Structure formats: C-alpha cells, structure tokens
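Report on the structure
Each chain, letter by letter, is given below.
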Amino acid sequence: MEQVPDGGSSKNDVRAETGAIVSQQARPSVSAGAEPEGMGVIEVIATLASIILLVFTLPFSLCFAFKVVQEYERAVIFRLGRLRTGGARGPGIFFVLPCVDTYCKVDLRTVSFDVAPQEVLTKDSVTVTVDAVIYYRVQEPLNAVVKVNNYSHSTRLLAATTLRNVLGTRNLSEILSDREAIAHMMQTALDDATDPWGVKVERVEIKDVRLPVQLQRAMAAEAEAAREARAKVIAAEGEMKASRALKEASDVMAESPAALQLRYLQTLNSISAEKNSTIIFPLPLDILTPFLKPHGTGMSMGHSAPLSPQ
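Presented here is a report on the structure given in the accompanying data block. Just so you know, these numbers come straight off a predicted model, no measurement behind them.

Some words on the overall build of the protein chain
A tally of helices and strands in the protein chain yields eleven helices and eight strands. Counting all 310 residues of the protein chain, 26% fall into the buried class. Across the protein chain, the fraction of contacts at a sequence separation of at least 24, relative to all contacts at a separation of at least 6, is 67%. As presented, the protein chain carries roughly 21,200 Å² of accessible surface, and 58% of it is formed by carbon and sulfur atoms.

And the structure:
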C-alpha cells in the first residue's frame, strides 16, 4: 500500500502552489513549455478555491491530490486548460489540485503494430499485396499530447500511406530482393514526419510480399525454363570437353600400340574387382584377321568350284 503524506507536508505544498500562482500572475513565463500569458482573475479565484477546498478536506483530499506514474510513464498536467510549467511529471509521485488540474499519462515504451496488407501497383505495373511491422516510441511526451490528437492512430495511418508511396516507386524485382533498403527508406520517411509529434520510429520490417497466382505460375515457368536451358548448356559443354579428351587419348594410343593393350588389361582388372559372375575371355583381333579376309570369288559368293572330267 502507498504511504499517505502527513498534514504538514501537504500544507507546505499548498503554500508553494499559492506562491507559484502569485508569481505567475506577476510575471509571464518565457520558457518553451510555459503558458503564453498570465492567469486571469477567474482562473486565480478558481485555483484559490481549489486550494481552500483541499485544506479544509484534509486528510481525505490527499487521495485525490497525489498521483503516481510508473517508471515507463510520464504525466502531462493541464491547469484550467493551460499546460503547466516544468514539463512532464514522473516517474514517481506528483501533486495535482482537485477540480482544477487534469493530466494524461503517456507510455514511453516501444510499441509495435502491424500495417494492414496494402495492394500496391509497382513501377512496372504489377499489383502486389505487402504488409509490414512498425516499431515506435514516444520521445517527447508534451508534443505527443499537445501537437497531435491521437499520436498512435496518426502514426498507423501515416505508416500505411508511406508503405504505398515507397513501394510505388520500385520494380517488382527490387521489392522482392531489396527489402532492407525499402525498410530503411520507410523508417527515414516516417521518422521525419512524426518528429514534430514527439514520436520516434525505431524500426520498420517488411513482413510478406504476396503475388497474384497467375504471376506466380508465370514466374515459376520462367525459372524452370531458365534452369533447363542452363542444364542443357552445361551438358553440351561437358560433351565437348569429353570429346576433346577422347581425341587426345586416341592420339596417344596411336603413337604407342602397347598403350591400347595396357588399357584393355586395366579395364579387365576393374571389371574383375566388382566380384560379379561375368567371365570375359580376351580374344586378340589379330587371330580373327585371317578369317575375315575373303579366299576367293567363288567361295566368297557361296558357289563351289567345277569338277574336272575324268
């Protein structure tokens, strides 16, 4: 439970508030977050009435006069519609006058949100659907409250518009292959636009790029055809290199007839090492050469020679 301050400290705070009111009425503040002009008579009367009410209702009024904000929050206080001097309060405890002061809390933690899928027409007239993730945080609580109505909603709308504008200047191939550059460009554009609001865009990530089904089929067919063409070219180059190697080997074997016999024996050795049941009988071609030559015209034609008369 929180400890409630005693009556002596509250009276000192009341005296301090009264002195601040008199000093503000005597001289206008010139600081950046100060009121543009001094308080009017009605405002002074309302503030004094609030202080008197606070004093007469002690200690019950302390429950409404002291507020607490967390470490990751800041409180922007308005007194009768005017921004109080001193900037945002917090973290910890701060003092407000009942019925006079109003405040709003601002969260300083990083917030992430998904940008709704956007249909974008690329530079080369292709329709794609792209979604992204934005990370941002509030850097200046006063600007986030005073200069924009709803900084969260405004940042979301600006992110969707920036996503369409940036992708509209890129080709389809750039969107698919250069996501980091596109995300950096979006982050720079969003950061420049939200800087007057006190919002800092920390990171932008492109989640997914969805293409039409017909375009996906066309790109797949194109990629398959390109792969087949490259495979055929590689196979043709291999055949050409193999034929050159065979030609060089034949030239070497032609110069040395014994090389062919050695190659033949090496082939037999590699076949026998496989432990199969095939039996190979080498037969030199020189043995078959006499049988391949024709012996005569008649015998070669299949007719027998005529017999001589007895």
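There is more to say after this.
Some remarks on the sheet that holds strand 5 (residues 101-107)
Here we have three strands laid out as an open sheet, ordered 3-2-5, and antiparallel in their pairing. In this open sheet, the two edge strands, each paired with only one partner strand, are strand 3 (82-83) and strand 5. Note that strand 2 (residues 73-79) and strand 5 share seven bridges and pair antiparallel. Counterpart to phenylalanine 78 in the pairing with strand 5 is threonine 102.

Notes on the pattern of salt bridges
Evaluation of the coordinates by the stated rule reveals ten salt bridges. A salt bridge links lysine 200 to aspartate 191; its shortest N-O distance comes to 2.8 Å. With relative accessibility at 27%, the residue lysine 200 sits in the partly exposed group. Given the relative accessible area of 17%, aspartate 191 is considered buried. Here arginine 203 ties to glutamate 205 by a salt bridge, and the two come within 2.6 Å at their closest N and O atoms. Bridged by salt links that share partners, the residues Arg79, Arg84 and Asp101 form one connected network.

Some remarks on a nonpolar patch on the surface
A surface patch of nonpolar side chains, amounting to about 320 Å² of accessible area, comprises Ile52, Val55 and Phe56. Mapped onto the secondary structure, valine 55 falls in helix 2 (residues 41-56). On the accessibility criterion, valine 55 (36% relative accessible area) is partly exposed.

A word on unusual backbone geometry
Here the bond from leucine 58 into proline 59 is cis, since omega is 0°, no more than 30 degrees from zero. Mapped onto the fold, proline 59 is located in the loop between helix 2 and helix 3 (62-65). With an omega dihedral of 0°, the bond running from glycine 90 to proline 91 counts as a cis peptide bond. Relative to the elements of secondary structure, proline 91 occurs in the loop between strand 3 and strand 4 (92-95). At cysteine 99, a position not held by glycine, the phi torsion is positive, near 70°. Of note, cysteine 99 is situated in the loop between strand 4 and strand 5.

Some words on the sheet that holds strand 7 (residues 127-138)
Spatially, 6-7-8 is the arrangement adopted by the three strands of the open sheet, whose pairing is antiparallel. Of all the strands in the sheet, the pair left with one neighbour each is strand 6 (111-121) and strand 8 (199-210). With direction set aside, neighbouring strand axes in the sheet form an average angle of 25°. Both strand 6 and strand 7 contribute to a ladder of nine bridges, which runs antiparallel. The partner of valine 120 across the bridge, within strand 7, is valine 128.

Things to note about the environment of valine 209
Residue position: valine 209 is located in strand 8. Residues valine 209 and valine 128, 81 residues apart in the sequence, show an inter-C-alpha distance of 6.7 Å. Those residues in contact with valine 209 that lie beyond four places of it in its chain are Val128, Thr129, Val130, Ile175, Leu176 and Arg179.

Let's talk about helix 7 (residues 179-194)
Taking 1.5 Å per residue as the helical rise, helix 7 with its 16 residues ought to reach 22 Å, and the 22 Å between its terminal C-alpha atoms agrees with that figure. At its buried positions, helix 7 is contacted by strand 7, helix 5 (151-167), helix 6 (172-177) and strand 8.

Description of the nonpolar core
Grouped together as the largest cluster of nonpolar side chains are 33 residues, with contacts concentrated most on Val115, Val128, Ile134, Tyr151, Leu163 and Ile206. Only strand 2, strand 6, strand 7, helix 5, helix 6, helix 7 and strand 8 provide two or more residues apiece to this core. Not counting chain neighbours up to four residues away, the residues in contact with valine 115 comprise Asp131, Ala132, Ile134, Ala159, Ala160 and Leu163. One finds Leu62, Ala65, Phe95 and Leu97 within the second-largest nonpolar core, a separate group that totals eight residues.

Side note on the side chain of aspartate 191
On the secondary structure map, aspartate 191 appears in helix 7. Dropping the residues within four chain positions of it, aspartate 191 is found in contact with Val199, Lys200 and Val201.

Observations regarding the environment of valine 76
By secondary structure assignment, the location of valine 76 is in strand 2. Spatially, the C-alpha atom of valine 76 lies 10.0 Å from that of asparagine 143, the residues being 67 residues apart in sequence. The contact partners of valine 76, leaving out residues within four places of it in the chain, are Leu83, Ala88, Thr102, Tyr103, Cys104, Val106, Pro141, Leu142 and Val145.

Rules behind the numbers
- Residues numbered from 1 in each chain as written.
- Predicted model: local features only at pLDDT ≥ 70, side-chain atom pairs only at ≥ 80, totals over all residues.
- Heavy atoms only, no water.
- Helix = DSSP H or I, 4+ residues; strand = E, 2+ residues; numbered from the N terminus.
- Buried < 20%, exposed > 50% of the residue type's maximum accessible area, 1.4 Å probe, protein only.
- Contact = heavy atoms within 4.5 Å.
- Areas by Shrake-Rupley, 256 points an atom, 1.4 Å probe, with all protein chains shown as cover.
- Pairing = 2+ DSSP bridges.
- Salt bridge = Lys/Arg side-chain N within 4 Å of Asp/Glu carboxyl O.
- Patch = residues over 30% accessible without salt bridge, like charges linked within 9 Å, V, L, I, M, F, W, Y side chains within 5 Å.
- Axes fitted to C-alpha atoms, helices over the stretch in contact; angles between N-to-C directions.
- Expected span 1.5 Å × (residues − 1).
- Core = buried A, V, L, I, M, F, W, Y, C linked by side-chain atoms within 4.5 Å.

None of this, on its own, says anything about what the molecule does.
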